[in-house]
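One-letter residues, chain by chain:
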Amino acid sequence: MNTVIRFTSTQKPDGDEYKKITYWNRFVRTKVETVIMLALILLSIGCGIYRLASGTMDTFWAILCIVFLFYPVLIITQFNSSIRYHLKHRDPSETAPCEFCLMQNGILIDVPEYDVHNFIRYDEFTHVYTNVFGFYMMFQKSKVLVMIRHNDIPDGQKDAFEDMMVAGLNTNCKVSKFF
């Protein structure tokens, strides 16, 4: 079977779609920062309650509890700012119309308007998520190599694409369904 699936899309989403996926990547896919933020909130609340109940709350502990409690607010504010900055200054080829060509040996991405041509072999992926807010997300370690919107793949061709991709993945690649 020598199937080739062609369609037009964009390399990466824009606006709220991009923001949702970026949040998912930072706080859900890689859970370390989420765990740290929750631990700091719980530590702040627990320490504050203990210090108040035991009568040992002083200025140092009060400031420390406040800092731990507002750390997540600071991180999320900074993260939103970096997303806005990225969307404003990103490479225009990422949102330009591009031609995807899904083949037996990999994915060819062609953005003729910006003379961008990328070929990514399936065996380069270390982790594949098959449904992240309606996207296939393919990673090489922590780097996103390809994002493909489910709705852009022609009707009846998703199964063929998934079969080609799974056949080409290396044995160490993890495939996960998010939703």
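You'll find the structure just up there.
Tell me about the sheet that holds strand E2 (residues 98-102), and name the residues and values.
Read from one edge of the open sheet, four strands run E1-E2-E3-E4, paired in antiparallel fashion. Where the open sheet ends on each side, the last strands, each with one partner, are strand E1 (5-9) and strand E4 (116-121). Put simply, the sheet's adjacent strands are angled 15° from each other on average, direction ignored. Examined bridge by bridge, E1 and E2 share five bridges and lie antiparallel to one another. If you follow Arg 6 over to E2, its bridge partner there is Cys 101. With respect to the sheet, helix H4 (residues 158-168) is in contact with E1, E2 and strand E3 (106-111), its orientation differing from that of E1 by roughly 105°.

Explain the layout of surface pockets residue by residue, including any values.
Roughly 270 Å³ of volume is contained in the largest pocket. Taken together, 16 residues line the largest pocket, and the ones lying closest to its centre are Gln 11, Lys 12, Asn 118, Val 144 and Leu 145. For the lining of the largest pocket, the element with the highest residue contribution is strand E7 (residues 143-149), accounting for five residues. Per-class residue counts for the lining of the largest pocket are eight nonpolar, three polar and five charged. Taken as a whole, the second largest pocket holds about 180 Å³ of empty space. Contributing to the lining of the second largest pocket are Lys 12, Tyr 18, Ile 21, Thr 22, Asn 25, His 86, Arg 90, Glu 94, Met 137, Val 144 and Met 147. Counting only elements with at least two residues in the lining of the second largest pocket, the list comes to helix H1 (15-29) and E7. Among the elements that take part in the lining of the second largest pocket, H1 stands out by supplying four residues, more than any other. Taken together, the residues of the lining of the second largest pocket break down into five nonpolar, three polar and three charged.

Explain unusual backbone geometry to me, and be specific about the residues and the numbers.
Unlike most non-glycine residues, Asp 115 shows phi in positive territory, near 55°. Looking at where Asp 115 falls in the secondary structure, it is placed in the loop between E3 and E4. Classification of Asp 115 by relative accessible area gives exposed; the value is 59%. Positive phi, close to 60°, is recorded for Lys 141, a residue that is not glycine. For Lys 141, the location among the structural elements is in the loop between strand E6 (135-140) and E7.

Which residues make up the sheet that holds strand E8 (residues 174-176), and what values do they have?
Across the sheet, four strands lie side by side as E7-E6-E5-E8; this open sheet has mixed pairing. A single partner strand is all that each edge strand has here, and the edge strands are E7 and E8. Taking each pair of neighbouring strands and ignoring which way they run, the sheet shows an average axis angle of 15°. With three bridges connecting them, strand E5 (residues 127-132) and E8 associate as parallel partners. In the sheet register, Val 128 faces E8, and the bridge partner there is Val 175. Its contacts with the sheet place H1 against E5, E6 and E7, and it is angled at close to 50° to E6. The sheet contacts of H4 involve E5, E6 and E7, and relative to E6 the element is tilted by about 15°.

Would you mind going over H4 in detail, with residue names and values included?
An α-helical turn contains 3.6 residues, so any two residues separated by three or four positions project in the same direction. Inspection of H4 places Ala 160, Phe 161, Met 164 and Met 165 among the buried residues, and these make up the whole buried set. Taken end-on, H4 shows its buried residues confined to a sector of 130°, consistent with a single buried face. Counted as exposed and oriented over 90 degrees from the buried face of H4: Asp 159, Asp 163, Val 166 and Ala 167. Looking at the packing, one finds that the buried side of H4 touches E1, E2, E3, E5, E6 and E7.

Calculation criteria
- Residues numbered from 1 in each chain as written.
- Predicted model: local features only at pLDDT ≥ 70, side-chain atom pairs only at ≥ 80, totals over all residues.
- Heavy atoms only, no water.
- Pairing = 2+ DSSP bridges.
- Helix = DSSP H or I, 4+ residues; strand = E, 2+ residues; numbered from the N terminus.
- Axes fitted to C-alpha atoms, helices over the stretch in contact; angles between N-to-C directions.
- Contact = heavy atoms within 4.5 Å.
- 1 Å grid on protein atoms, 1.4 Å probe; cavity = no way out; pocket = protein on both sides within 12 Å on 5 of 7 lines; lining within 4 Å.
- Points joined across faces, edges and corners; volume = space filled by probe spheres on them.
- Nonpolar A, V, L, I, M, F, W, Y, C, P; charged D, E, K, R; others polar.
- Buried < 20%, exposed > 50% of the residue type's maximum accessible area, 1.4 Å probe, protein only.
- Arc of directions from axis to C-beta.

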